[in-house]
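A closer look at the structure
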Amino acid sequence: MTVLADALRAFHREHPGVRLSVRENGSRDLASALLHGQLDLALAARPAGYAAPAAH
């Protein structure tokens, strides 16, 4: 198993009433969705030369 899968499994055991949705996408798309309130959390790598937009 991966570190992320293990962490998600442990979280679910501790918080069974919380619903999680996992979305896989490119870092830029995840950053945009996060800034537009479509995601609460994003795990992403910052591409070389990418300047993150300012948070609102």
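Below: a short report on this structure. (Residues numbered from 1 in each chain as written. Predicted model: local features only at pLDDT ≥ 70, side-chain atom pairs only at ≥ 80, totals over all residues. Heavy atoms only, no water.)

1. Re the pattern of salt bridges
One pass over the structure, following the stated rule, counts one salt bridge. The closest approach of N and O atoms between Asp-6 and Arg-9, which form a salt bridge, is 3.0 Å. Linking Asp-6 with Arg-9, this pair stays in helix α1 (residues 3–14), spanning three residues, or about one helical turn. (Salt bridge = Lys/Arg side-chain N within 4 Å of Asp/Glu carboxyl O. Helix = DSSP H or I, 4+ residues; strand = E, 2+ residues; numbered from the N terminus.)

2. Some words on a nonpolar patch on the surface
Where nonpolar side chains cluster on the molecular surface, the patch consists of Leu-4, Leu-8, Phe-11, Val-18, Leu-20, Val-22, Leu-41 and Leu-43 and spans about 760 Å² of accessible area. On the basis of relative accessibility, which here comes to 46%, the residue Leu-20 falls in the partly exposed class. (Patch = residues over 30% accessible without salt bridge, like charges linked within 9 Å, V, L, I, M, F, W, Y side chains within 5 Å. Areas by Shrake-Rupley, 256 points an atom, 1.4 Å probe, with all protein chains shown as cover. Buried < 20%, exposed > 50% of the residue type's maximum accessible area, 1.4 Å probe, protein only.)

3. Quick notes on the environment of Leu-8
Its location among the elements puts Leu-8 in helix α1. The exposure class of Leu-8 is partly exposed, given its relative accessible area of 31%. Distance in space between the C-alpha atoms of Leu-8 and Leu-20 is 8.7 Å, their sequence separation being 12 residues. Beyond its immediate chain neighbours, meaning those up to four positions away, Leu-8 contacts Leu-20 and Val-22. (Contact = heavy atoms within 4.5 Å.)

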